[in-house]
Structure formats: structure tokens, C-alpha cells
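Observations on the three-dimensional arrangement
Spelled out from the first residue to the last, the chains are:
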Amino acid sequence: MVRDAHGHWTNQPVSAVCSGFTLSDREIICEEDYMEVRTCFRGTFELWTSVSASLLQLKCVLQAQRMASSVWQLMFLRGDEQVYSMSVSEAKKLGYSLTASAQRLVLRAQGPGGGHPGFSVFQEEADVLKHEAPLMWSLNTSNRLFICATDSGSFKDGWLLLEVPQVMSPLVGEGVDYQSNSIRLGVDGMLLEESLAAARGIHVVQHGQKIQIGVPFGTEGGYRKSLVVKNSYKETYMIFLLYEHIFSMLYEDGSSIDTRHRLLRKLGTPLICHIPFTINQTVADNQVFSVYLGNIPVDVVLEDLWINGKQLQMSEKLGYSIKYSVHNNGSKAYQLQLPFKDSVVQQMVRIDINFTLTIMPQRESYYHQTTITARVFNAFPPEITAQCLDRAIVFSVAGSSQTLWEIGVDKTPLTSELAVQRGYLLSVQNQKTVLEIPLFSIGYTYEEINLSNFYATFELLLRDPKSLAVQTSTSKRCLFKTQDMMVCSTDGTMTVVAALSSTWPSVKPERTTLLDPACVPKQTDGSRVLFEFKVDSCGTRNTVPVVLLGPRGNDKLCLDRLTVRCFYLLSGVNRLSVDRTFRSEAPGFGLVDVFKSLKGYTEQSKLTLIKKKFKTTKKNTFFCRSRESTCS
């Protein structure tokens, strides 16, 4: 529609011709489930139509199709070289179809395994299995129309491979030469330009009379499917390949007939397992675990991470890092870096890791576990130094390699939790681990105790974290001034030093006793006493605290009392009832309870307070007594 300057519309016809698909003299298509041949009548059209006078009146496609169904005969050459003829309608019942137009004939048969088994045979040519349906026309002009390679391909070293003959001999015939014009490949039924196919890695190589086609795993145009099978990632890949070969048959008279042979084949891999792997890249001197996790497919993400049974928060950055990279083959890799001093690192040179890997978007998960050990070469236990303070001993573990060894107190590994529990002061200063142990903390042993001073010893052990074998030990023995103290030894000896200067009226130390009046102080001075006795002597009993009594003079009332207790772990106590031998695997810890002075109270209020204390403490509290009677 064209409008002129005056606004009037006129119709103007326009036509265009677009170049499209040019048919060859013979077209052969080999699909998965059918075979098809299209043959052109060319110059012999008059000969073909002379079979029937009615065919001379052929004017349109519908007429040709009708006549083909009613007049033409199909003749099949079976494997036993016998010829069988049938009508088009009879052939249709066996899975064949015939379509005719004014210039072309199209015949289709079912693919391998289809059609009538008596009229299609399998042969092997040049090591390639082919499916062949020999056919003869009723004009005694023989032509084997159907022939297709049935090779389904193979998969090797990451390549899908398909091998076909360049030209199958039945398509050429005896004594006829041929000329190859072009070989092209395509995907999903669409031919690719040679440069594009090469860019995707698809190649065609000719070996003699064979054509080998190679398709790399995962190339563009194919389809991948992944799933989890028995905690393993598996995937399959398939591609719909198109192979086209155009060649010309050359005759002695100089004429030629072009043939286009197309093969459409679905190539697929079996289920391929992708097993993750880890590489330990840890360098002990860097004090950081470095773990490489590789062979992770492109559709998989690292969703969760557990170390030594503890889950790491993937969304937080708490001293560790997780990075990923993509390789040329499309797979991914993750890099984990975790400091030795991280709280999840329970053992100093070894961690157990559990990676949770999830396929997206279907969210199917699988798991990969590994154990990473810091690689140590020529590593020796670090140097440990110790010094004495007024009321503590301080140890320093020098060098960066101290994290390669397990520091222990007795049989217990030294951790930050243990330090808090026992009152140790643990810190890291200038690549040194500093441990300060206050006096009377768990782990001390005591010797030569008197009212002036005593010796205390504390020992640190360095163990191999795998075998727990002790590599070295360092102990420090220091001399301390004696103050009020309570010592519970492993052999059940209780040593008590107590000052009596706060009592009112004043008490002479040499006149104090335990519950058993025969148990007198081992040593006294003007204000203090030192008792040393066994846990099963001097009136002591299991679960009942030992009580100091006093005075032993004519005092009417004891104004202060002192209760001492020793606590031992029940699991570590070995007591033999025959000889009443007590032995503990570890020293106990003591407790001293001193009642406040009763100075300033009236006699009645003193008795009331004492009765109140006795009532609340029941049998666990004992009062000192005078020479005449027991306080009540």
C-alpha cells in the first residue's frame, strides 16, 4: 500500500525469492527411529510415468500420491537374495510410507528394530554396523535406497566419539566413482559453520575410508543432568549430533548424481562420577591450616562446613577464609584457611573436616570428609622456661612450633576452657604461650612444709598429639613463704597451717587439737599452728570435714572455730579397706572455713549465734570444746 502526495492509497504487488534449502538428487536421512530417502525423477520422468497412462495426466501432488498408492509396486530384496513385491498399501502395514510429488518421491521406513524383520537386514561394512532396507522398483530399475550406520558412539577420555564410513558402497554401486563435496556437522538439527564447530571443540578426522567425529564432554549445545547416588555426585551428558556428507556419483558419460547423506544421532555418556579431592597445603610455620578442595562441578556449591564436630558459620568471617576459583574445564575449587589458634582446632596438628556440597537448583547434597595434619619436618619440642613469683609460677613456651605439640597438665590437655576452670592465666605474647599458675591451684605438689616456708612444684608436659606419648617435660620447684594454707596430698596427708591471732579471748596455739585430743600440732609459734595428719585419722571421716578444736586450757568457751576440708575426685581415689590405705591419682584441693570473731558479743548472744551456726550446718560443722565440756 503506497500513498501518493495527494493522500491517495494504491496497491502495488511486490515479490521476493529467498534462497533456502536446496535438495540434492537423492536425500537420505538416518534418524534414531526412522530412515527416509527422497529421490528426484529428473530426466527419466517420462519413463517413470509411462508405466500407467493415467500418470501421464499427473498435474499435482495429490494426484501423484493417489496413483502411487493404487498402481505402484514395491519390490524388496531380502537377505536370501529373493525379491518380494507388494503394493504401497501393503508396505504401509509393515511400517513403510510412500509419498510422491510431480518431481520427487519420498519413502520412509522405521529405523533399526522397526519395519518388517524380513525386509530389513543388518550388515557390517568396514567395521561399522549398518541397517539396510534393499528396495527395487517395478520398472526393474534396482536401487538400494536405505542404508544407515547404527553405531551409537562411545565415550573415552572425556570425548564422545562416533565413527562412520565416508561413503557406504551400496549407495555408490559397483564401477561408479564418487567425489566428496563437503562434510559438515551440526547440533540439534542445525548445521554449524566450520569455525563455530571448531570453537566448540567438535572435530572431524578422516582415517582412510572412515570419518571419526569427536565431541568434548560438556560442549555448548549439549545437555547435562546431575544427581546424587550413594553420596556421590554423578552426571550424564548428551548431545544431538547432525552429520552431513554431500558427494557426487560420476558416470562414464560425464553425468553425475548428487547425494546428501544425513545422520542424526544422539550421543550420550554413562553416569560419570566426580569424586572431590583435597590437597593439604598447610605450612606449619605459618600457623594456618590451608586446605584445597577440588573437582567440584559447576552446578555444586559448598553449603556447609564442619571441623572437629563443630559447625562453622559460613556467613561470618571469624578468623578463617573460604575462597573459590573456576578452572578452564568448568569445575570449581575451594580454598580453606583456618588458623591453628581457632577455637574449633582441638588438636594442635590435626583437624577432621566434613564438607557439605549441594547440587543447585535441585538442592541434592553429598558429603566429603577428610583429615588434615600439619606437615612438620625436623620439628623438635619447643623450649619451655619457668620462673618463680611471690605466689605463682610462670611458664613460657617459646617458638611458633609449640602448636604442633599438645601441652598438658598431668593427663589433661591444656585448653583455654581448662585454664578458666582451674584459675590458670593463659595468654599468647609475641609468639609465646604464657601460663601463670597461682599457688594452690590444681596440679601443684608440696614438700617440706613448715611454719616458715615450703616448696611447691608444678610440671608441664609436651605430648605428641597422635600417640599422646610424652616428648618432654618441664617442672619448676619454688620456695614460698608459709601463710595460712591447706594441702591435700595424693597419699591422703592433710597439712594445715592456721593463724589463731584473731580469736578472742586469745588462744595458745600449742593447746589446740583436732577432734582427737591426741592429735596435737606438729609445729607452733606464737600465733600459728601446723597440723599434719591422715584423712582417716584424728577423728576424720569420709564426707565429714576435719575440725580444729581449742583451747585445751580452762577457758569456758571457744570463741572461734576452724573447719578444714579436702576434696578428691571419687574416680581417682583408691582406698583399701584391709590396711586402710588411701591413694589418689591426683592431689586434692582444700577448703578452710574460719568463723568471724565473737568479740563484742554478750555471753547469751554468743551462745545463740553458735547454736544457729550448728543448726544450719548440722553434722558438717563441729565446735571447739573446753577442758570440762563440749560446746553446744
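Preceding this section is the structure that the text describes.
Right, let's walk through the structure included here.

Cut-offs used in this document
- Residues numbered from 1 in each chain as written.
- Predicted model: local features only at pLDDT ≥ 70, side-chain atom pairs only at ≥ 80, totals over all residues.
- Heavy atoms only, no water.
- Helix = DSSP H or I, 4+ residues; strand = E, 2+ residues; numbered from the N terminus.
- Buried < 20%, exposed > 50% of the residue type's maximum accessible area, 1.4 Å probe, protein only.
- Contact = heavy atoms within 4.5 Å.
- Areas by Shrake-Rupley, 256 points an atom, 1.4 Å probe, with all protein chains shown as cover.
- Core = buried A, V, L, I, M, F, W, Y, C linked by side-chain atoms within 4.5 Å.
- Salt bridge = Lys/Arg side-chain N within 4 Å of Asp/Glu carboxyl O.
- Pairing = 2+ DSSP bridges.
- Phe/Tyr/Trp six-rings, centres within 6.5 Å; stacked < 30°, edge-to-face > 60°.
- Lys NZ or Arg CZ within 6 Å of the ring centre and 35° of its normal.
- Disulfide = S-S within 2.5 Å.

**Focus: the overall build of the chain**
In terms of helices and strands, the chain carries seven helices and 48 strands. The burial tally for the chain puts 41% of its 632 residues in the buried class. When contacts within the chain are restricted to residue pairs at least 6 apart in sequence, those whose partners lie at least 24 apart make up 59%. Counting every atom, the chain has about 34900 Å² of accessible surface; 52% of that belongs to carbon and sulfur.

**Quick notes on the nonpolar core**
Judged by nonpolar contacts, the single largest core of 42 residues is most densely connected at Leu98, Leu162, Val164, Ile202, Ile213, Ile239 and Tyr243. With six residues, the top contributor of residues to this core is strand β20 (residues 232-250). Counting 29 residues, the second largest nonpolar core, distinct from the first, contains Phe395, Val409, Ile437 and Tyr446.

**Digging into the pattern of salt bridges**
Per the stated rule, a full pass over the model turns up 14 salt bridges. Close ionic contact of Lys522 with Glu532 constitutes a salt bridge, the shortest N to O distance being 3.4 Å. Of this pair, Lys522 sits in the loop between β41 (493-499) and β42 (523-524) while Glu532 sits in strand β43 (residues 528-534), placing them ten residues apart in sequence. Owing to a relative accessible area of 39%, Glu532 belongs among the partly exposed residues under this scheme. Each of Glu27, Glu244, Arg260 and Arg262 takes part in salt bridges that share partners, so that together they form one network.

**Looking at the environment of Leu293**
Here Leu293 is to be found in strand β24 (residues 288-296). A residue is classified by how much of its surface remains accessible, and Leu293, at 0% relative accessible area, is buried. Separated by 41 residues in the primary sequence, Leu293 and Tyr334 place their C-alpha atoms 5.0 Å from one another. When sequence neighbours within four positions are dropped, the list of residues in contact with Leu293 reads Pro276, Phe277, Thr278, Lys332, Ala333, Tyr334, Phe355, Leu357 and His368.

**Considerations on the sheet that holds β42**
The strand order across the open sheet built from four strands is β40-β41-β43-β42, with neighbouring strands paired in antiparallel fashion. Pairing within the sheet leaves two strands with one partner each, and these edge strands are β40 (485-488) and β42.

**Topic: the pairing of strand β7 (residues 97-100)**
Residue alternation in β7 divides its side chains into a buried set, Leu98 and Ala100, and an unburied set, Ser97 and Thr99. As paired strands, β7 and strand β8 (residues 104-110) are joined by four bridges and run antiparallel to one another. Across the sheet, residue Ala100 finds its bridge partner in β8, namely Leu105.

**A closer look at the pairing of strand β25 (residues 300-307)**
Across seven bridges, the pairing between β25 and strand β29 (residues 350-359) is antiparallel. When the sheet's bridge partners are listed, Leu302 is paired in β29 with Leu357. Where β25 and strand β26 (residues 310-311) come together, two bridges link them in antiparallel fashion. Along β26, the bridge assignment pairs Ile307 with Lys310. Hairpin connection, β25 to β26: the antiparallel pair is bridged by two residues, and Asn308 has positive phi, about 50 degrees.

**Some points on the packing of aromatic side chains**
Throughout the structure, instances matching the rule amount to 15 aromatic pairs. With a centroid separation of 6.0 Å and an interplanar angle of 90 degrees, the aromatic rings of Tyr424 and Phe458 are classed as edge-to-face. Of this pair, Tyr424 sits in the loop between α6 (416-422) and β35 (425-429) while Phe458 sits in strand β38 (residues 453-463), placing them 34 residues apart in sequence. Classification of Phe458 as buried rests on a relative accessible area of 0%. Linked through ring pairs, Phe395, Tyr424, Phe440, Tyr444, Tyr446, Phe454, Phe458 and Phe480 together constitute an aromatic cluster. Above the plane of the ring of Tyr324 lies Lys332, whose end atom (NZ or CZ) is 5.8 Å from the centre. Of note, Arg477 hangs over the ring of Tyr455, and the distance from its end group to the ring centre comes to 3.8 Å.

**With respect to the sheet that holds strand β30 (residues 364-373)**
Here four strands make up an open sheet; going across it, the order is β26-β25-β29-β30 and the pairing antiparallel. Of all the strands in the sheet, just β26 and β30 have a single pairing partner and so form its edges.

**Let's talk about the state of the cysteines**
Within the structure shown, the criterion is met by three disulfides. Two residues share a disulfide in this structure: Cys388 and Cys478, whose sulfurs sit 1.7 Å from each other. Its S-S torsion of approximately -80 degrees makes the covalent link between Cys388 and Cys478 left-handed. Of the two residues, Cys388 is situated in strand β31 (residues 384-388) and Cys478 in strand β39 (residues 470-481); the sequence distance between them amounts to 90 residues. Residue Cys388 is classed as partly exposed on the basis of its relative accessible area, which comes to 37%. Relative accessible area serves as the criterion here: at 1%, Cys478 is assigned to the buried category. Disulfide pairing is shown between Cys488 and Cys566; the S-S distance is 1.9 Å.

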